[in-house]
Amino acid sequence: MIPEIGHFALILALCLALVQGTFPIIGAHKGIIGWMELARRAALGQFVFMAIAFIALTHAFIVNDFSLVYVANNSNTALPLQYRISAVWGAHEGSLLLWGFILSIWTIAVAIFSRSLPLDTVARVISVMGLISIGFILFMLLTSNPFDRIPLERIPVDGRDLNPLLQDIGLVMHPPMLYMGYVGFSVAFAFAVAALLGGKLDATWARWSRPWTAIAWVFLTIGIALGSWWAYYELGWGGWWFWDPVENASFMPWIVGTALMHSLAVAEKRNAFKSWTVLLAIFAFSLSLLGTFLVRSGVLTSVHAFATDPARGVFILLFLGVVIGGSLSLYAWRAPTIKSVGEFKLLSRETLLLCNNVLLIVVTATILLGTLYPLLLDALGLGKISVGPPYFNSVFVPITTLLAILMGIGPLARWKSNDPDKFKKQFYIPALISIILGSAFVALVYGDFPLLAVLGVTLAIWIVATIILDLKNKLTHRQNKLVALTSLPRSYYSMTVAHIGIAVFIVGITLTSHYSVERDVRMSQGKSLSLAGYDFKFVGVDKQRGPNYESHIGVVQVSKQGEHIVTMHPEKRYYIVQQNPMTEAAIDAGLFRDIYVSLGEPLPGGEAWAVRLYYKPFIRWIWLGAIIMSIGGLLAATDKRYRVLLKRTARNSADNTAAAKA
Amino acid sequence: MPILPKHAHRRKKLGLILLMITGVGVAVGMVTMALKENINLFFSPSQVLAGEAPINHTFRIGGMVRTGSVKRSDKSLDVNFDVTDTAKNLPVVYTGILPDLFREGQGIVAMGKLRDDGVFVASEVLAKHDETYMPPEAAEAIKNAQKMQATLKE
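Residues numbered from 1 in each chain as written. Chains lettered and ligands numbered in written order. Predicted model: local features only at pLDDT ≥ 70, side-chain atom pairs only at ≥ 80, totals over all residues. Heavy atoms only, no water.

## Concerning helix H1 (residues 2–30) of chain A
All names here are of chain A. Compared with an ideal rise of 1.5 Å per residue, which puts 29 residues at 42 Å, H1 spans 42 Å between its outermost C-alpha atoms and is within 8% of the ideal. Of all the positions in H1, only Pro3, Gly6, Ala9, Leu10, Ala13, Leu14, Ala17, Gln20, Gly21, Pro24, Gly27 and Ala28 are classed as buried. Among the structural elements, helix H2 (33–62), helix H5 (92–112) and helix H6 (119–143) are those in contact with the buried residues of H1. Gly31, located one to two residues past H1, shows a positive phi value of around 75°. (Helix = DSSP H or I, 4+ residues; strand = E, 2+ residues; numbered from the N terminus. Expected span 1.5 Å × (residues − 1). Buried < 20%, exposed > 50% of the residue type's maximum accessible area, 1.4 Å probe, protein only. Contact = heavy atoms within 4.5 Å.)

## Here's the deal with the nonpolar core
In terms of nonpolar packing, the biggest core is built from 177 residues, with Leu97, Trp99, Trp106, Ile132 and Ile463 of chain A touching the most fellow members. Formed jointly, this core draws a minimum of three residues from each of two domains, domain 1 (1–152) and domain 2 (523–618) of chain A. In contact with Leu97 of chain A, not counting residues within four places along its chain, are Leu10, Met50, Ala53, Phe54, Leu57, Met140, Pro146 and Phe147 of chain A. Counting residues in each nonpolar core, the second largest holds 22 residues, with Ala53, Leu101, Ile108 and Phe120 of chain B among its members. (Core = buried A, V, L, I, M, F, W, Y, C linked by side-chain atoms within 4.5 Å. Domains from an automatic or database assignment.)

## What about unusual backbone geometry?
Residue and element names in this part refer to chain A. The residue Asn271 is not glycine, and still its phi comes out positive at about 60°. Mapped onto the fold, Asn271 is located in the loop between helix H9 (245–270) and helix H10 (274–296). In this structure, Phe618 takes a positive phi of about 60° despite not being glycine. Within the element layout of this structure, Phe618 appears in the loop between strand E11 (608–617) and helix H20 (620–637). With a relative accessible area of 9%, Phe618 lands in the buried category.

## A few points about the sheet that holds strand E9 (residues 586–588) of chain A
Residues and elements named next belong to chain A. The four strands lie next to each other as E2-E11-E10-E9, forming an open sheet whose pairing is antiparallel. Each edge of the open sheet is held by one strand with a lone partner, namely strand E2 (517–524) and E9. When strand polarity is set aside, the average angle formed by the axes of neighbouring strands in this sheet is 20°. Two strands pair when backbone bridges link them, and strand E10 (residues 593–603) and E11 are joined in this way by nine bridges, in the antiparallel orientation. Counterpart to Pro602 in the pairing with E11 is Trp609. (Pairing = 2+ DSSP bridges. Axes fitted to C-alpha atoms, helices over the stretch in contact; angles between N-to-C directions.)

See the structure below:
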């Protein structure tokens, strides 16, 4: 009964999405206030029904309703409750439902926090989001319905269980966060399309888009970081990024989103780059859509997975075509009317931000090429190839280097124009300091001198050094430094914090990539081995039983110079229903190093196991950097400026209506 | 010079445009080179044994792990096994820990180089997903091999 309610709620949500996607947008065009006012109500209704559908599916998982195909394929009575709930978005159908549900949450958020926006803008924005929602709900109902039933006589006694890889806290949190980010970009997209439709691409539009974009970006940052952290401890071989197409799919919208945040700043402050910014908003969301479909449609495991369910494939291509083609056509039609008025000289913050944008787009384009090229060749029958990590690294490293250099220069430039000589001179000292410190750090701590490692550390110090220089400039002529510090705008702090996050991140990547020590070894009971100054003693293996798995637990004692540090328990689990073995690595985490031990397999010839021992310096800095970046984004999103503006425009529009009435 | 625009700001603009074009050109060149160097082709065991695969160049193979062929060394982490597309068997050697889902009869994809003696030295072995899953490349290799055998019998 309850699954039918869910199914029915999904259909009703579709009806409301149809209303939301048509009437308000037409109303805005024709000036019919009643139709425009429908936007908020339809959005609320759609949210309620999407929530009912989502709860209905969750309920089916909680009560183990194996009469649903989706539940039978992805759950099991022995599966612990928290994983039964997260199994809702463990596969294709349910993750689409989560996507749609999150879209309705964002729409409601826009409806609530847009009180001060002109009614026609709100109507257009919510309408565009409704149109996207139509696409997703239709996709679910036509090709991927999570509420599909199994015929009565074939209902299984128990389900096939959730993929063991997904039975983990990291994967419980990763998809919702990622989707909050993906779908969040739909707001910036809807604002851009609405502005194109209404012909009002002004500073207000940019100011409105900024906090929404920042929040979406924060979610995406956390989502990607969670995914990388999960891959690190769960996949059992200690990597944190593989340039896997699935990862690239989430990384591309992030990069374009980053570019969008920077160009929105120019659009708002200087009234320039406006049509470019609109284009970025369209790209960011298009890549989010592409990412969702690439990962979930199975097209990445094989282009032919597309053909196994032609309806899905055709729908996805059509949907992407309509969204991307439609918005780009609208752009081509309306963009020539946009005039950017802000003028600037060659050496100005505008130019430097333009460089930032160009570089970020180049990175995205190269990643897109590396990700789609094999798919394209395969689809055309030109052979099977794969593009390896070296390709991505060889393009990513030089461009990121340029970006990091710019990151030090850009924030110190003023808008419009700068005196070249004076501007250049101030960077000599920070550049010198960072080169000296960077080289010294690598040489003294590690005793060697690989150029890339020196470059990475130098760039990180450069970013921080220029931030300090900037702060010094800002405080030089102030009497009370403390008051001066607190009176700096929130936006300044958000930028600074985010950039420090990047610096921390760069340190993490650089040192982990260069100084990790990894060894796969054969260890028999009682055997000791030393690695990176630590001694590992393999005590033995115990057998234990978990809720839905059996497990071998290894005991490894780690000591340094005779002093006991930690006893580690790497696990090898065997999931009974899915008949899958799983490696659960044991990790001793630290700010400056991780020790990582995972069990391979039992070996012939006595009580020996294949064991993987890793020493990973500074790896935590990668995720720490992501967290700091997110804090920066959060600061940007919660800038008081936007709230003050909210109130002011609200008062203005109230005054206007009052004046109109009088 | 007559070719250059008269106005200073136009000259600047021209310079900027030229700079961007050069930049984009360099970027495109670098990317194509990187792509060319890092593409890994795929060969089936039949193709490798027919001598179609390059020696000393990284490529991927795929197929099933032949039942009864996996031999672990007693002393090191070396492991020998055959990858088969049901028509031909390709001997493979790998050093290290195999993925969780590696077992006999399972479809795998491996990356590595062909040694002069015809043994494939794998640097990476991929066996992902669940027990019923077959990597698409491996599945196709097997399908093609069976088709070939069928035509040979006729």
